[in-house]
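Commentary on secondary and tertiary structure
Each chain is listed here by its residues.
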Amino acid sequence: MSTPRTRPEGFVARASTTLLQRLDDVVDRVAAEIERAEPVYGSSHAVTPEELRRTNRANLEAILSHLAGDPEAGTAAPRSTGHRRAENGVPLPSVLRAYRIGSGVVWDELLTMAGDDPKASRELLDIASRVWKLVDDYSQALTDGYQETVAEQLRRDARAHDAALDALLSGQVDGARLWECARTLGLPAQGSFVVVAATTGAAATEALPGVGEALSVLGVASSWRVRADSHIGIVTLTTRFTEPRLHALLAERSVGRAGISAAFGALTEAVTGLRQAELACAATQSGSKQVLRYDEALIPVLLAGSPDVASALARAVLGPILALPQHDRDVLLDTVRTWFAHDGEVSAIAAALFCHRNTVRFRLNRVAELTGRRLTEPRAATEMYLALETHRIQGDGSER
């Protein structure tokens, strides 16, 4: 942004040159005013007295040089101050207030030097708006520098966070590295944890929007990141925030499928937790928003862990049924699922399906004729159940 040019002649130029000659006194006054008005510069030690005076000198010299008639003074000093204060962790409002204090001191000095001289006073009034426009430009440069550094810090922190989480989930940590990763992620190294893996099927998409913030509000430590094909995280469990509560929260927020690992006691076990969570996610029904816990659905997880074998089993067992027209296929599959749900009780099955018991028997006989498997035989029933679970998980994938 360009800054206004002041005239090299006149009272303001002469007074600014005089102030430059006694810059140390002005710097000391500004530092005292800032330390009195802004505690972050006084008692917090975020900025040392020496650092405050050093940056004050650079900024005051830039402003006074410009007012003295040097159009090349530029905005490098305030931009540099913005960078440094962001690195110091000083809040931006405090930095801007300190900058305004310094500018106010310069203006007070000019007013004092003008005294009762009407010509000098008129010149100050004439140039006041241009002086404060200059201060605004310098403040904007300071803000730009501050925001540039904050943005870089966020990028750096995000890279460190993702690297630490990836290290834990790949099992590449031990000893001191474990504690370092836990500190970076805001997690305890020991406790009770689960890994969550979720997916929407779309690339690099949050399947659990806002989940980290929601857990933080509840006082639950967690760490999350989005990968190309999944949204993954480590969640700390407590006596008050248990697996069922986590399951309920995920179910509310999920826009895709999600799996939760079995609980484990040390972050070094996160690599196993990730594998379990991914299997549990894969075991959910295709296209659903289901959340599945690994240790409560081991058969679907087992099938999800061997998708090729499971698909072959589904085709071998259900192939003749899947080849039927959709209505006939769905009726038979629903009947068999209901048979398992009601432990083979024909009356209960008929009631659930709103049909006669003879209709149930007819359908079951039809299944036996098509598949060569009678559900009253344990081995045939086992194969049928596994094939049905595969069809549920993979959807139409088991038909191909």
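The rules behind these values
- Residues numbered from 1 in each chain as written.
- Predicted model: local features only at pLDDT ≥ 70, side-chain atom pairs only at ≥ 80, totals over all residues.
- Heavy atoms only, no water.
- Helix = DSSP H or I, 4+ residues; strand = E, 2+ residues; numbered from the N terminus.
- Rg over C-alpha atoms; globule rule 2.2 N^0.38 Å.
- Buried < 20%, exposed > 50% of the residue type's maximum accessible area, 1.4 Å probe, protein only.
- Contact = heavy atoms within 4.5 Å.
- Polar contact = N/O pair within 3.5 Å; in protein donor to acceptor, adjacent residues only side chain to side chain.
- Arc of directions from axis to C-beta.
- Axes fitted to C-alpha atoms, helices over the stretch in contact; angles between N-to-C directions.
- Parallel < 35°, antiparallel > 145°, perpendicular 65-115°, else oblique.
- Left-handed = near helix turned anticlockwise from the far one by under 90°.
- Phe/Tyr/Trp six-rings, centres within 6.5 Å; stacked < 30°, edge-to-face > 60°.
- 1 Å grid on protein atoms, 1.4 Å probe; cavity = no way out; pocket = protein on both sides within 12 Å on 5 of 7 lines; lining within 4 Å.
- Points joined across faces, edges and corners; volume = space filled by probe spheres on them.
- Nonpolar A, V, L, I, M, F, W, Y, C, P; charged D, E, K, R; others polar.
- Salt bridge = Lys/Arg side-chain N within 4 Å of Asp/Glu carboxyl O.
- Expected span 1.5 Å × (residues − 1).
- Bend = angle between axes of the 7 residues up to and from the residue.
- Core = buried A, V, L, I, M, F, W, Y, C linked by side-chain atoms within 4.5 Å.
- pLDDT = per-residue confidence, 0-100.
- Pairing = 2+ DSSP bridges.

Turning to the overall build of the chain, a few remarks are in order. Scanning the chain for helices and strands turns up 17 helices and six strands. Against the globule reference of 21 Å for 400 residues, the chain gives a C-alpha radius of gyration of 35 Å, more extended than a compact globule. Viewed in the frame of its principal axes, the chain has a C-alpha envelope of about 115 × 45 × 30 Å. Counting over 400 residues, the chain shows a buried share of 46%.

Along the chain, the position of Arg257 falls in strand 4 (residues 257–260). Beyond its immediate sequence surroundings of up to four residues, Arg257 is in contact with Ala197, Ala198, Thr199, Cys281, Ala282, Thr284, Gln285, Ser286, Gly287, Ser288 and Gln290. Of the polar contacts made by the side chain of Arg257, one reaches the backbone oxygen of Thr284; its length is 3.4 Å.

Below, the discussion takes up helix 12 (residues 298–305). Among the residues of helix 12, Pro300, Val301, Leu303 and Ala304 are the ones counted as buried. For helix 12, the angular spread of buried residues about the axis comes to 160°, placing them on one side. Those residues of helix 12 hidden inside the fold are in contact with helix 11 (270–282), helix 13 (307–322) and helix 17 (378–394).

This part covers the packing of helix 14 (residues 326–341) against helix 15 (residues 346–353). Look at helix 14 against helix 15: their axes get within 9 Å of each other, and the N-to-C directions meet at 130°. By the angle between their axes, helix 14 is oblique relative to helix 15. Like other packed secondary-structure pairs, helix 14 and helix 15 cross with a definite hand, here right-handed. Residues Asp334, Thr335, Thr338 and Trp339 of helix 14 lie in contact with helix 15, whose contacting residues are Ile349, Ala352 and Leu353.

Let's shift gears to the packing of aromatic side chains. Per the stated rule, a full pass over the model turns up four aromatic pairs. Centre to centre, the rings of Phe340 and Tyr385 are 5.2 Å apart; their planes meet at 70°, and the pair counts as edge-to-face. One end of the pair, Phe340, is in helix 14; the other, Tyr385, is in helix 17, with 45 residues separating them in the sequence. For Tyr385, a relative accessible area of 30% translates into the label partly exposed.

Bringing empty space enclosed by the protein into the picture now. Counted by the stated rule, this structure contains two cavities of 30 Å³ or more. Lining the largest cavity are 17 residues; nearest its centre among them are Ile34, Asn56, Asn59, Ala98 and Tyr99. It is helix 4 (residues 49–67) that provides the largest number of residues to the lining of the largest cavity, a total of six residues. Here the residues of the lining of the largest cavity are counted per class, giving ten nonpolar, six polar and one charged. In this structure, the second largest cavity encloses a volume near 60 Å³. Around the second largest cavity, the lining residues are Ile63, Leu67, Ser103, Val106, Trp107, Val131, Trp132 and Val135.

This part takes up the pattern of salt bridges. Opposite charge on two side chains lets them pair, provided their charged atoms get close. Following the criterion strictly, the structure yields 26 salt bridges and no others. Asp28 is the partner of Arg53 in a salt bridge, and the nearest nitrogen-oxygen pair spans 3.7 Å. You can see Arg53 sitting in helix 4 and its partner Asp28 sitting in helix 2 (residues 23–37), a full 25 residues away along the chain. Residue Arg53 is classed as partly exposed on the basis of its relative accessible area of 28%. The network of salt bridges with shared partners includes Arg22, Arg29, Asp108 and Glu109.

A separate point is helix 13. Compared with the 22 Å implied by 1.5 Å per residue over 16 residues, the 18 Å span of helix 13 between its first and last C-alpha is markedly short. In the structure, helix 13 departs most strongly from a straight axis at Ala316, where the bend amounts to approximately 50° and where the proline Pro320 lies between one and four residues downstream. On its buried side, helix 13 packs onto helix 12, helix 14, helix 16 (357–371) and helix 17.

Ranked by size, the top nonpolar core spans 41 residues in total, and within it Phe11, Tyr41, Leu60, Leu67, Leu110 and Leu124 carry the most contacts. Those elements that provide at least two residues to this core are helix 1 (11–21), helix 2, helix 3 (39–42), helix 4, helix 5 (76–88), helix 6 (92–114) and helix 7 (118–169). For Phe11, the residues in contact, after removing those within four places along its chain, are Leu110, Met113, Ala114, Ala120, Glu123 and Leu124.

Next up on the list: the confidence of the model for the chain. Residues with a pLDDT of 70 or more make up 96% of the chain, whose mean pLDDT is 88. Per-residue pLDDT stays below 50 along residues 1–8; that stretch engages in 29 contacts with residues further than four places along the chain or on separate chains.

It is worth spelling out the environment of Ser129 at this point. With respect to the helices and strands, Ser129 occurs in helix 7. Linking Ser129 and Arg374, residues 245 residues apart in sequence, is a C-alpha distance of 94 Å.

With that out of the way, let us pick up the pairing of strand 3 (residues 231–236). Counting buried positions along strand 3 gives six out of six residues, so the element sits mostly inside the fold. The side-chain alternation of strand 3 yields two buried faces, one formed by His231, Gly233 and Val235 and the other by Ile232, Ile234 and Thr236. As judged from the six bridges shared by strand 1 (residues 190–199) and strand 3, these two strands associate in the antiparallel manner. Looking at strand 3, one finds that Ala197 is bridged to Ile232. Where strand 2 (residues 222–226) meets strand 3, five bridges bridge the pair, whose relative direction is antiparallel.

With that out of the way, let us pick up the environment of Ala197. Note that Ala197 resides in strand 1. We classify Ala197 as buried; its relative accessible area is 3%. Spatially, the C-alpha atoms of Ala197 and Ala368 are 39 Å apart, while their sequence positions differ by 171 residues. Once residues within four sequence positions are removed from consideration, Ala197 is found in contact with His231, Ile232, Arg257, Ala258, Gly259, Ala277, Glu278 and Cys281.

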